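Results of the structural survey
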Amino acid sequence: MYYGLIILASLMASFQFVFNNGYQKENGAGLRSALDFTLYGTLISLVPMIIICKFKVEFTWFAVAVAFVHALTTVVYNYAAVKALSNTNLSVYSLFAMLGGMALPFLYGTVFCNEGISVSKILCFVFIALSLFITVERNSGKKGAVKYYIAVFILNGMFGVLSKFHLMNVENCIDSSSFLMWSKIFTIVISAIMILFDIKNTKKLSKKSVAYCSGYAVISTVSGWLILLSLDHLPASVQYPMITGGVIAFTAVVGTFFGQKPSKKEITAAVIAFVATIMMMF
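This write-up is about the structure you can find in this document. Starting from 1, residues in each chain are numbered consecutively following that chain's sequence as written. Predicted model: local features are reported for residues with pLDDT of at least 70 only, side-chain atom pairs are reported and counted for 80 or more only, and whole-chain, interface and lining totals are derived from all residues. Where side-chain values are given, they derive from all heavy atoms of the structure, hydrogens and water being excluded.

1. Observations concerning the overall build of the protein
Within the protein, the secondary structure is distributed over eleven helices and zero strands. Starting at the N terminus and ending at the C terminus, the protein contains elements arranged as α-α-α-α-α-α-α-α-α-α-α. Counting over 282 residues, the protein shows a buried share of 51%. Long-range pairs, those at least 24 residues apart, make up 89% of the contacts in the protein with a sequence separation of at least 6. To be clear on the numbers: accessible area is Shrake-Rupley with a 1.4 Å probe, and residue cover counts the displayed protein chains and nothing else. Entry remark: accessible area of the protein is about 13,900 Å², with carbon and sulfur atoms responsible for 71%. The secondary structure listing takes helices from DSSP runs of H or I that are at least 4 residues long and strands from runs of E that are at least 2 residues long, numbered from the N terminus. Burial classes follow relative accessibility: with a 1.4 Å probe on protein chains only, a residue under 20% of its type's maximum area counts as buried, one over 50% as exposed, and anything between as partly exposed. Here, two residues are considered to be in contact whenever any of their heavy atoms come within 4.5 Å of each other.

This is the structure in structure tokens:
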């Protein structure tokens, strides 16, 4: 069942780029644009989160503190992502983001959570890393951009690490939906405070922009909740490589529905990622 939830979450996550790209084309890729996207998207996501939580949010000081760090990571990651994308192309950015999202939770789960190591885990990790390197375009970054790549790698990986860290403290953790709700509340507060320092550049979002924010918010919220729900039952060292592989494979398929014909390299990478994802289930 939980493998199925991971696959569904990966499929939903692969649609996020449609709404993200649409918003970026409509509003640009500046810091204020990223903050607006974070703020409005998170505000909209509160609606599905309230439904998921069934109007009940659990509380412990430990969980709320971890949720605050998770929210701060979200805001800083969005800024790092904007800077990284302004210095390189999408393929290089995706390489660092997805490798970080896979590698850090994998290592944390294996080393600190005693999840163990196996041949299937190692092969899955290697295959997915290979699929990412196949798609990246070399020599496309600007000088001085390395610090943003490293930030994207670490911050995207921290989402999985923080989620697992929260769950490992059984006595003080709360349910996944409540944790996600607290993270979103703090994300709104942090984004709003940062926007107040740039109030002169306030720009009213178009209807298209609101639609992009809404689509992204609903999909990312539900997929994020499914990931956290699965994390209650599956090791992080298994789950996050599967998610990365699933997103790579599904993104290649989803792109064809929006006029983005995948190249031979992308098809090869998607097949490798798909095989690696299935491998982890056995």
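Here the narrative resumes, following the displayed structure.
2. Section: unusual backbone geometry
Phi at Lys54 is positive, roughly 60°, even though this residue is not glycine. Structurally, the position occupied by Lys54 is in the loop between α3 (31–53) and α4 (61–87). Given the relative accessible area of 69%, Lys54 is considered exposed. Positive phi is not limited to glycine here, since Phe55 has a value of about 60°. Looking at the secondary structure, you find Phe55 in the loop between α3 and α4. With a relative accessible area of 74%, Phe55 lands in the exposed category.

3. Quick word on the packing of aromatic side chains
Working definition: rings of Phe, Tyr and Trp (its six-membered ring) pair if their centres are within 6.5 Å, and the pair is stacked with planes under 30 degrees apart, edge-to-face with planes over 60 apart, and tilted otherwise. Per the stated rule, a full pass over the model turns up nine aromatic pairs. On the numbers, 5.9 Å between centres and 65° between planes, the contact of Phe59 with Trp182 is edge-to-face. Taken as a pair, Phe59 in the loop between α3 and α4 and Trp182 in helix α8 (residues 176–196) lie far apart in primary sequence, 123 residues in all. Here Phe68 and Phe186 contribute two aromatic rings whose centre-to-centre distance is 5.4 Å and whose plane-to-plane angle is 90°, an arrangement assigned as edge-to-face. Taken together, the positions of Phe68 in helix α4 and Phe186 in helix α8 put the pair 118 residues apart, joining distant regions of the chain. For Phe68, a relative accessible area of 37% puts it in the partly exposed group. Site record: aromatic cluster; members linked through ring pairs are Phe59, Trp61, Phe68, Trp182 and Phe186.

4. So, the pattern of salt bridges
In what follows, salt bridge is the name for a side-chain nitrogen of Lys or Arg lying within 4 Å of a carboxyl oxygen of Asp or Glu. Taken as a whole and judged by the stated rule, the model has one salt bridge. Among the salt bridges present, the one from Asp36 reaches Arg32, with a minimum N-O distance of 3.0 Å. Here Asp36 and its partner Arg32 are both found in helix α3, four residues apart, which amounts to about one turn of the helix.

5. Looking at the nonpolar core
Nonpolar side chains tend to gather and get buried jointly when the protein is soluble and globular. Here the nonpolar core consists of buried residues drawn from Ala, Val, Leu, Ile, Met, Phe, Trp, Tyr and Cys, with membership extended through side-chain atoms lying within 4.5 Å. Formed by 23 residues in total, the largest nonpolar core has its most connected members in Met49, Val66, Phe179, Met181 and Phe186. Of all elements in the fold, only α3, α4 and α8 reach the threshold of two or more residues within this core. Excluding anything up to four places from it in sequence, Met49 contacts Ser177, Leu180, Met181, Lys184 and Thr221. In terms of nonpolar packing, the next biggest core, distinct from the first, is built from 16 residues, Ala236, Tyr240, Ile243 and Val247 among them.

6. Section: the packing of α8 against helix α9 (residues 207–231)
The relative placement of two packed helices is expressed as an angle between their axes plus a distance between the axes. At their nearest, the axes of α8 and α9 sit 9 Å apart, and the two run at 135° to each other. By the criterion of interaxial angle, the relationship of α8 to α9 is oblique. By crossing handedness, the relation of α8 to α9 is classed as right-handed. Between α8 and α9, the residues in contact are Ser176, Ser177, Phe179, Leu180 and Lys184 and Thr221, Gly224, Trp225, Leu228 and Leu229, respectively. Under this grouping Gly is polar, as are all residues other than the nonpolar Ala, Val, Leu, Ile, Met, Phe, Trp, Tyr, Cys and Pro and the charged Asp, Glu, Lys and Arg. A class-by-class count of the residues in the contact of α8 with α9 yields five nonpolar, four polar and one charged. Lines are fitted to the C-alpha atoms to define the axes, a helix being fitted only along its stretch in contact, and any angle between axes, read from their N-to-C directions, falls within 0 to 180 degrees. In this scheme, roughly parallel covers angles under 35 degrees and roughly antiparallel covers those over 145, while 65 to 115 is roughly perpendicular and the rest are oblique. By definition, any crossing whose near helix is turned counterclockwise from its far helix by less than a right angle is left-handed, and any crossing with a clockwise turn is right-handed.

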